[in-house]
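Tertiary structure, described
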Amino acid sequence: MGLIVLDVQKLNAFYGPAQALFEVTLQVKAGELVVLQGLNGAGKSTLLKALMGLEVGTEGRIHYQVNPTESGQVDIQRWETHRRAHVGLGYVPEDRRLFAGLTVRENLRVAAGQDARAQEARALDLFPALKTKLKRPATQMSGGEQQMLAIARTLMTGPRVLLLDEPCEGIAPVLVESIRDALLALKRDGLALLVAEQNRLFASRADRVLLLVAGKVRDS
Ligand code: ATP
């Protein structure tokens, strides 16, 4: 495993006056799969949102290795969400937020960076089930296929960190395995993966499992 890509120190998060995360400290390295577990309401979604700068107010430090060839890290804690995405943080929310009126291919192309064709080819290699469905409306696919598309769309931006919120909730076991295997391939490519997921198929392949209890990290 490589460099620490994401180094979170004493992160607090708030919904208005209500505190949801308490001094969360964690690191994710390049090529590492970290699985986040915890009961409903423990703060898993909040942590991923806080890392993306969405919906919650935060205090603390989120150091990110902006450039893989340089040693310096920057604190992105106050950055706007789009700027975090631009430097390589990829996020797939629990509800996936696909573009309902668009086809599978259009959903992918909307997110495309400069190297759209190569990125699309790589994303489709990871999720071959999408290859034959590129012209279908995104909403006519199964839940598992929609999840694959949501991850593939995020990959089109060329992220170095992937933050996934319950990618396998309510998905057929065979598709859970496909998604897990795609994530393991991305890990081998050197992506840093932080995945909120209760499914044991994930935890058993994780480099580390972090347990959140009432907004605090407890090593499991
Ligand atoms: P789940 O598995 O149900 O998604 P979770 O571990 O992701 O649970 P969060 O959704 O992060 O938990 O919730 C953490 C805490 O923050 C809970 O107490 C929840 O009630 C609160 N919370 C979440 N979203 C909001 C919101 N938009 N406004 C106020 N409080 C919120």
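First, a word on what this report is: a plain description of the structure on this page.

Reading the values: the criteria
- Residues numbered from 1 in each chain as written.
- Predicted model: local features only at pLDDT ≥ 70, side-chain atom pairs only at ≥ 80, totals over all residues.
- Heavy atoms only, no water.
- Helix = DSSP H or I, 4+ residues; strand = E, 2+ residues; numbered from the N terminus.
- Buried < 20%, exposed > 50% of the residue type's maximum accessible area, 1.4 Å probe, protein only.
- Contact = heavy atoms within 4.5 Å.
- Areas by Shrake-Rupley, 256 points an atom, 1.4 Å probe, with all protein chains shown as cover.
- Lys, Arg positive; Asp, Glu negative; His and termini not counted.
- Charge placed at Lys NZ, Arg CZ, Asp CG, Glu CD.
- Axes fitted to C-alpha atoms, helices over the stretch in contact; angles between N-to-C directions.
- Parallel < 35°, antiparallel > 145°, perpendicular 65-115°, else oblique.
- Left-handed = near helix turned anticlockwise from the far one by under 90°.
- Nonpolar A, V, L, I, M, F, W, Y, C, P; charged D, E, K, R; others polar.
- Near = heavy atom within 4 Å.
- Polar contact = N/O pair within 3.5 Å; in protein donor to acceptor, adjacent residues only side chain to side chain.
- Phe/Tyr/Trp six-rings, centres within 6.5 Å; stacked < 30°, edge-to-face > 60°.
- Lys NZ or Arg CZ within 6 Å of the ring centre and 35° of its normal.
- Core = buried A, V, L, I, M, F, W, Y, C linked by side-chain atoms within 4.5 Å.

1. Things to note about the overall build of the chain
- Per the secondary structure count, the chain includes 7 helices and 10 strands.
- Principal axes of the C-alpha set define a box for the chain whose edges measure 45 × 35 × 35 Å.
- Expressed as a percentage of the 220 residues in the chain, the buried residues total 50%.
- Counting contacts in the chain only where the partners sit at least 6 residues apart, residues at least 24 apart contribute 70% of the total.
- Summed over its atoms, the accessible surface of the chain is roughly 10400 Å², and 49% of this surface lies on carbon and sulfur atoms.
- A distance of 2 Å separates the average location of the 28 positive side-chain charges in the chain from that of its 24 negative side-chain charges.

2. Some remarks on the packing of helix α5 (residues 143-155) against helix α6 (residues 173-188)
- Running from N to C, α5 and α6 cross one another at 15°; their axes reach a closest spacing of 9 Å. When the interaxial angle is binned, α5 and α6 end up roughly parallel. Seen from above, α5 lies across α6 with left-handed handedness. Every residue of α6 that contacts α5 at Gly-144, Glu-145, Gln-147, Met-148, Ile-151 and Leu-155 is listed here: Leu-175, Ser-178, Ile-179, Leu-183 and Leu-186.
- In the contact of α5 with α6, the residues fall into 7 nonpolar, 3 polar and 1 charged.

3. Details of unusual backbone geometry
- Positive phi, close to 45°, is recorded for Lys-10, a residue that is not glycine.
- With respect to the helices and strands, the residue Lys-10 is situated in strand β1 (residues 4-15).
- For Lys-10, a relative accessible area of 51% puts it in the exposed group.
- Of note in the backbone geometry, Arg-97 takes a positive phi value of approximately 50° without being a glycine.
- Here Arg-97 is to be found in the loop between β6 (89-92) and α3 (104-110).

4. Some points on the site of the ligand
- The environment of the ligand is made up of Tyr-15, Ala-20, Leu-39, Asn-40, Gly-41, Ala-42, Gly-43, Lys-44, Ser-45, Thr-46, Glu-94 and Glu-166.
- A distance of 2.7 Å separates an oxygen atom of the ligand from a polar atom in the backbone of Ser-45.
- Glu-166 has a polar side-chain atom sitting 3.3 Å from an oxygen atom of the ligand.
- Protein coverage of the free-state accessible area of the ligand, which is 640 Å², stands at 58%.
- Here the element with the most residues in the shell around the ligand is helix α1 (residues 44-52); it accounts for 3 residues.
- When its residues are assigned to classes, the shell around the ligand shows 4 nonpolar, 5 polar and 3 charged.

5. Points about the packing of aromatic side chains
- Per the counting criterion, the structure on display carries 0 aromatic pairs.
- When the ring centre of Trp-79 is taken as origin, the NZ or CZ atom of Arg-83, which lies over that ring, is 3.6 Å away.
- Geometry around Phe-22 places Lys-216 over its ring, the cationic atom sitting 5.6 Å from the centre.

6. Considerations on the nonpolar core
- Formed by 39 residues in total, the largest nonpolar core has its most connected members in Phe-127, Ile-179 and Leu-183.
- Elements represented by at least two residues in this core include exactly β3 (33-37), α3, α4 (116-126), α5, β7 (161-165), α6 and β8 (192-196).
- At 8 residues, the largest contribution of residues to this core is made by α6.
- Excluding anything up to four places from it in sequence, Ile-179 contacts Phe-127, Gly-144, Gln-147, Met-148, Ile-151, Pro-167, Cys-168, Ile-171 and Phe-202.
- If you look at the next biggest cluster of nonpolar residues, it comprises 33 residues, including Ala-50, Tyr-64, Leu-89 and Ala-196.

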